[in-house]
Amino acid sequence: MFKKIPHTYAITASLIIISAVLTWIVPAGEYVRQTVTIDGSDRTVIDPASFHYIDAAPQSWQVFGVLLEGFERQAGIIAFLLIIGGAFQILNATHAVEWGIQRFLAACRRAEKVALLRRLGIDNIVMAAVILLFSTFGAVFGMSEETLAFIAIIIPLAISMGYDSLTGLLMVYVAAHVGFSGAVLNPFTVGLAQGLSGLPLFSGSAYRLVCWALLTAVLIVVTLVYAHRVKKTPTLSPMYEADAHWRQTGEEVEGKSEKVRGRIVALLLLLATIVGLVVGVMYYGWYLTEISAAFLAMGIFSGYVCGLKTDDVIREFTNGAKDILGAAIVVGMATGIIIILENGHIIDTILHAMAAGLADGSRIIAVEIMYAIQTAINIIIPSGSAKAALTMPIMAPFSDVIGLSRQATVMAYQFGDGFTNMITPTSGVLMGALALARVPYGVWVKWFSRILLIFIIMGIVLLVPTVTMELAGF
């Protein structure tokens, strides 16, 4: 039933063309930008009273140049994807991950002899624990791009447990972004938005913690229900045929004692890299350069300890990078959508038009309109920090005019920024995650849209108490 979905390139190219057409229809306009200091960092924000129309800059032949511009703007993520793809292909060639997963699952089966664990289900415990871990990372330090490094680990685990690649994405990518949406301490969204709104840093955390717990609990339930259906009837998965790649790489892999020792060392290197990533991101400000360096070193050394020659390591790295090339093109094209809208000077016009009607209606309607505006804007500006700098200087003063808590406005931004990150084609992280999992964008949109609707509705409901109840920090 998914065979007629257009190729990801076709979907993205269509959106670029639509964006170009809008630049001929929507009047060009802009706000005046100014620099402010938030928590010691300079941020460019807009003056909410400075909107004015400017000369139109309709886009036409420029649509053919945005791929190069997209590559230039997203060079970091594109290079990161290629390096991660190459590094994990080296690791995959050692069969250490498959071997380790098989031993892990065998240990889980032995643990089922314990009555309580058998009643709860070992698979359920593993999936819930992984989701809880990544959701916590998303809520605490805004894990997003970092999830790409874990997909090549969690997808094979999900397949080996009898599930599919979509289950694996729910466990790691979606979990981190649900945590991101209900973030409690995320400095890149909550911290920045509160700073721009003149609120104490991370104030109102008690209610945010409740929201995060509810969102994460719902994701766990959704994942377990879907996973059990797929395990019972594998053909229900829209990825059943495509997941043959993962099932083949997950076949039983045995070896001589020296090969086993090499695989154990490779897995220890992988574990050390993961621990180093978490510590580096949380305490030392690691980003794409440091993370890619760590995983590249892990891949190379894993190849050598498992007996691969230098030529083998180079060949496997090249093959892995080659497999990710399609994702790199998609990331460049998706960024082209934003570039067309920016060069046509219509993003500020769209924002100004959306904000114009906020002062009408009740406070509940106003906060939900803010949520809808942030959700719509997130389709074209997936960067949480960029969107905060663009929208919060407008939304915060509106809150004062209509008697709405600025904290409620921050939460409307937070939900609007987070949920649709998991479906917008302009997100380089989403496109990279789907490429690593080998899930076509069209399949993902059609399958995940129902789950996304659940979270969007939860956002609507969870915003109501910010208006109707006395909450600490609101």
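Above: the structure in question.
Residues numbered from 1 in each chain as written. Predicted model: local features only at pLDDT ≥ 70, side-chain atom pairs only at ≥ 80, totals over all residues. Heavy atoms only, no water.

1. Remarks on the packing of aromatic side chains
Here is step 1 of the chain: Following the criterion strictly, the structure yields twelve aromatic pairs and no others.
Here is step 2 of the chain: Judged by centre distance (6.1 Å) and plane angle (85°), the rings of Phe 134 and Phe 137 are edge-to-face. Note that Phe 134 and Phe 137 are positioned in helix H6 (residues 122-141) at a spacing of three residues, about one turn of the helix. You'll find Phe 134 and Phe 137 in the same group, each marked buried.
Here is step 3 of the chain: Taken together, a centroid distance of 5.0 Å and an interplanar angle of 65° make the contact between Tyr 226 and Trp 447 edge-to-face. (Phe/Tyr/Trp six-rings, centres within 6.5 Å; stacked < 30°, edge-to-face > 60°. Helix = DSSP H or I, 4+ residues; strand = E, 2+ residues; numbered from the N terminus. Buried < 20%, exposed > 50% of the residue type's maximum accessible area, 1.4 Å probe, protein only.)

2. As for the nonpolar core
Here is step 1 of the chain: One finds Leu 169 and Trp 444 to be the most contacted residues of the largest nonpolar core, which totals 128 residues.
Here is step 2 of the chain: Sequence-distant contacts of Leu 169, defined by excluding residues within four places in its chain, comprise Ile 151, Ile 155, Val 174, Ala 433, Leu 434, Ala 437, Val 439 and Trp 444.
Here is step 3 of the chain: Val 45, Ala 193, Leu 199 and Ala 388 belong to the second largest nonpolar core, which has ten residues in total. (Core = buried A, V, L, I, M, F, W, Y, C linked by side-chain atoms within 4.5 Å. Contact = heavy atoms within 4.5 Å.)

3. With respect to the packing of helix H1 (residues 8-25) against helix H14 (residues 310-343)
Here is step 1 of the chain: Closest axis-to-axis distance for the H1/H14 pair is 8 Å, and the angle between their directions is 10°. Taken together, H1 and H14 sit at an angle that is classed as roughly parallel. Along its contact with H1, which presents Thr 8, Tyr 9, Thr 12, Ala 13, Leu 15, Ile 16, Ser 19, Ala 20 and Thr 23, the element H14 presents Gly 326, Ile 329, Val 330, Met 333, Ala 334, Gly 336, Ile 337, Ile 340 and Leu 341. (Axes fitted to C-alpha atoms, helices over the stretch in contact; angles between N-to-C directions. Parallel < 35°, antiparallel > 145°, perpendicular 65-115°, else oblique.)

4. Some details on the layout of surface pockets
Here is step 1 of the chain: Reported here for the largest pocket is a volume of approximately 1200 Å³.
Here is step 2 of the chain: Pro 382, Ser 383, Gly 384, Ser 385 and Ala 386 are the residues nearest the centre of the largest pocket, which is lined by 48 residues in total.
Here is step 3 of the chain: At five residues, helix H17 (residues 384-402) tops the list of elements feeding residues into the lining of the largest pocket.
Here is step 4 of the chain: Here the lining of the largest pocket is composed, by residue class, of 23 nonpolar, 17 polar and eight charged.
Here is step 5 of the chain: Within this model, the second largest pocket holds a volume of roughly 550 Å³.
Here is step 6 of the chain: What lines the second largest pocket is a set of 19 residues, and nearest its centre among them are Ile 153, Ile 154, Leu 157, Leu 270 and Ile 274.
Here is step 7 of the chain: Every element with two or more residues in the lining of the second largest pocket is listed here: helix H4 (96-111), H6, helix H7 (148-160) and helix H12 (257-283).
Here is step 8 of the chain: Looking at the lining of the second largest pocket element by element, the count peaks at six residues for H12.
Here is step 9 of the chain: Class assignment for the residues of the lining of the second largest pocket results in 18 nonpolar, one polar and no charged. (1 Å grid on protein atoms, 1.4 Å probe; cavity = no way out; pocket = protein on both sides within 12 Å on 5 of 7 lines; lining within 4 Å. Points joined across faces, edges and corners; volume = space filled by probe spheres on them. Nonpolar A, V, L, I, M, F, W, Y, C, P; charged D, E, K, R; others polar.)

5. Some remarks on the pattern of salt bridges
Here is step 1 of the chain: Under the defined criterion, the tally for this structure stands at five salt bridges.
Here is step 2 of the chain: With its nearest N and O atoms 3.1 Å apart, the salt bridge here joins Asp 312 to Arg 315. Taken together, the positions of Asp 312 and Arg 315, both in helix H14 and three residues apart, correspond to about one turn of that helix.
Here is step 3 of the chain: When the shortest N-O distance is used, the salt bridge between Arg 438 and Asp 323 registers 3.5 Å. Placement of Arg 438 in the loop between helix H19 (428-437) and helix H20 (441-463) and of Asp 323 in helix H14 is noted, with a sequence separation of 115 residues between them.
Here is step 4 of the chain: With relative accessibility at 35%, the residue Arg 438 sits in the partly exposed group.
Here is step 5 of the chain: If you follow the salt bridges from partner to partner, you end up with Asp 312, Arg 315 and Glu 316 in one network. (Salt bridge = Lys/Arg side-chain N within 4 Å of Asp/Glu carboxyl O.)

6. Regarding unusual backbone geometry
Note: most peptide bonds trans; most residues except glycine with negative phi.
Here is step 1 of the chain: Of note in the backbone geometry, His 95 takes a positive phi value of approximately 60° without being a glycine.
Here is step 2 of the chain: Inspection of the secondary structure puts His 95 in the loop between helix H3 (75-94) and H4.
Here is step 3 of the chain: Positive phi, normally seen in glycine, also occurs at Arg 438, with a value near 65°.

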